[in-house]
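# Structural overview for review
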Amino acid sequence: MVMLLTGGAGYIGSHTALVLLEAGYEVVVYDNLSNASRESLRRVERLTGRTLTFIEADIRDTARLQKALTDHAVDAVIHFAGLKAVGESTEKPLAYYENNVGGTLSLCEAMTAAGVHTLVFSSSATVYAASDDMPLAETAPTGRPTNPYGSSKLMIEWILRDLQAAQPDWSIAILRYFNPAGAHDSGEIGEDPNGIPNNLLPYVSQVAIGRLPQLSVYGSDYPTPDGTGVRDYIHVMDLAEGHLKAADAIWGQPGVYTWNLGAGTGHSVLDAVRAFERVSGREVPYRIVDRRPGDLAQCWANPQKAETDLNWRCRRSLDDIMADAWRWQSQNPEGYGRD
Ligand SMILES: NC(=O)c1ccc[n+]([C@@H]2O[C@H](COP(=O)([O-])OP(=O)(O)OC[C@H]3O[C@@H](n4cnc5c(N)ncnc54)[C@H](O)[C@@H]3O)[C@@H](O)[C@H]2O)c1
């Protein structure tokens, strides 16, 4: 079976490529390298002892994408490509809608033209309405996201539902990720953000390695046990395995399926920092700063539906996440380097 991964050179895509290759799939990565390095894929090939096809191109180039789908006889697409920096999205809303929403329209057109009707989409827990009622099941109401990034994810969900209603032979999985973190346990591939990281784990590990002076903890007056935000951290390898299970489950089963991919447990920022310090043996200096606009007090998943439907659940712990994130960071203090 041939899987095309848009954005497959990025953080979650490269880990998923590895899992798919190990499971015997053929993998085509289609990525414009706007936020990734070719090196991630070289390492995936080295780790798996298998080769993949890499196409450096943009998903908004519909004709190129259609050609890739046809040339490689692609069976299904996993759609990771997108811009993901929440703060930047409020400064550049048009770029986010153009890339994320426009790019997805282009992908769906190319897939229609190529006769490929199986799609797994990277959505996010950010589509849920703010709520005090945790954990969040897939039936929880979606909200009005507080930033263009979140809005783009929700809009894409709507577009995919409309598409499947109009063309019922499509099989679509919408995967709502909670907080992906960690790295492959080899320390060879991991998260390599540009600039100051938006996500907690790369921020913490860059402080621990001395690339950044201290961690900013956004808010300590939330109504949570220690006042800092509570999130559901999911190991990126568990997340990658979830894609494999979702793609298998929807194959030949037309419909739209929504699954939360989360661990089902909430940890505060300070819990996460302490776990990192314990596992790495490094101190992480931090200071409390103002809340970030749009951040929620708490957010964690009810992952029961994925367990029931996909026989999937997180197997790795918070300490595994920290140990693997630290191994990746300490072996690659400057990430991949961009090439
Ligand atoms: N990391 C998270 O915390 C998180 C949480 C929820 C959802 N997601 C979603 O998961 C997906 C993957 O996230 P990630 O963390 O691996 O991000 P990432 O930035 O590492 O990967 C995205 C990849 O898409 C590529 N890309 C972007 N625009 C493109 C375009 N127009 N054409 C071709 N390639 C393009 C980038 O070069 C990059 O390799 C994204 O859609 C993101 O919104 C991520």
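I will try to describe carefully the structure that is included in this document.

The rules behind each value
- Residues numbered from 1 in each chain as written.
- Predicted model: local features only at pLDDT ≥ 70, side-chain atom pairs only at ≥ 80, totals over all residues.
- Heavy atoms only, no water.
- Salt bridge = Lys/Arg side-chain N within 4 Å of Asp/Glu carboxyl O.
- Phe/Tyr/Trp six-rings, centres within 6.5 Å; stacked < 30°, edge-to-face > 60°.
- Helix = DSSP H or I, 4+ residues; strand = E, 2+ residues; numbered from the N terminus.
- Buried < 20%, exposed > 50% of the residue type's maximum accessible area, 1.4 Å probe, protein only.
- Lys NZ or Arg CZ within 6 Å of the ring centre and 35° of its normal.
- Near = heavy atom within 4 Å.
- Polar contact = N/O pair within 3.5 Å; in protein donor to acceptor, adjacent residues only side chain to side chain.
- Areas by Shrake-Rupley, 256 points an atom, 1.4 Å probe, with all protein chains shown as cover.
- Core = buried A, V, L, I, M, F, W, Y, C linked by side-chain atoms within 4.5 Å.
- Contact = heavy atoms within 4.5 Å.
- 1 Å grid on protein atoms, 1.4 Å probe; cavity = no way out; pocket = protein on both sides within 12 Å on 5 of 7 lines; lining within 4 Å.
- Points joined across faces, edges and corners; volume = space filled by probe spheres on them.
- Nonpolar A, V, L, I, M, F, W, Y, C, P; charged D, E, K, R; others polar.

Before going further, it helps to examine the pattern of salt bridges. Once their charged atoms are close, side chains differing in charge can pair, the charge on each being opposite to the other. Inspection of the entire model under this criterion finds 22 salt bridges. For Glu88, the salt bridge is made with Lys92, and the minimal N-O distance between the two is 3.5 Å. One connected set of salt bridges, linked through shared partners, spans Asp238, Glu241, Arg315 and Arg316.

Once that is clear, we can look at the packing of aromatic side chains. Counted according to the given criterion, the structure contains four aromatic pairs. On the numbers, 6.5 Å between centres and 35° between planes, the contact of Tyr128 with Phe178 is tilted. Separated by 50 residues along the polypeptide, Tyr128 in the loop between strand S5 (118–124) and helix H6 (148–166) and Phe178 in the loop between strand S6 (171–177) and strand S7 (179–181) bring together distant segments of the chain. An identical accessibility class is assigned to Tyr128 and Phe178; each is buried. Between Tyr257 and Trp259 the ring centres are 5.6 Å apart and the planes differ by 5°, which places this aromatic pair in the stacked class. Classification of Trp259 as buried rests on a relative accessible area of 2%. Sitting over the ring of Tyr222, Arg291 keeps its end group 4.0 Å from the ring centre.

To continue, consider the site of the ligand. In the region of the ligand, 28 residues are neighbours, and Asp31, Asn35, Phe80, Lys84 and Tyr149 sit closest. A distance of 2.9 Å separates an oxygen atom of the ligand from a polar atom in the backbone of Tyr11. In this structure, an oxygen atom belonging to the ligand sits 3.1 Å away from a main-chain N or O atom of Ser34. The protein chains hide 96% of the 820 Å² of surface that the ligand would expose on its own. Those elements that provide at least two residues to the shell around the ligand are helix H1 (11–22), S5 and H6.

With 45 residues, the main nonpolar core has Met3, Leu5, Leu20, Val27, Leu52, Leu175 and Trp259 as its most contacted residues. Considering each element in turn, this core owes the most residues, eight residues, to helix H8 (residues 236–250). Discounting chain neighbours no more than four positions away, the residues touching Val27 are Met3, Leu5, Ala17, Leu20, Leu21, Leu52 and Thr53. Grouped together as the second largest cluster of nonpolar side chains are 27 residues, Val2, Leu69, Val74 and Ile156 included.

So, about empty space enclosed by the protein. The tally for this structure, following the rule as stated, stands at two cavities of 30 Å³ or more. Of the pockets and cavities examined, the largest cavity occupies roughly 60 Å³. Class assignment for the residues of the lining of the largest cavity results in five nonpolar, three polar and one charged. Computed from the structure, the second largest cavity encloses a volume of approximately 30 Å³. For the second largest cavity, the full set of lining residues is Glu191, Asp192, Pro193, Gln206, Arg211, Trp328, Gln329, Asn332 and Gly335. A per-class count over the lining of the second largest cavity returns two nonpolar, four polar and three charged.

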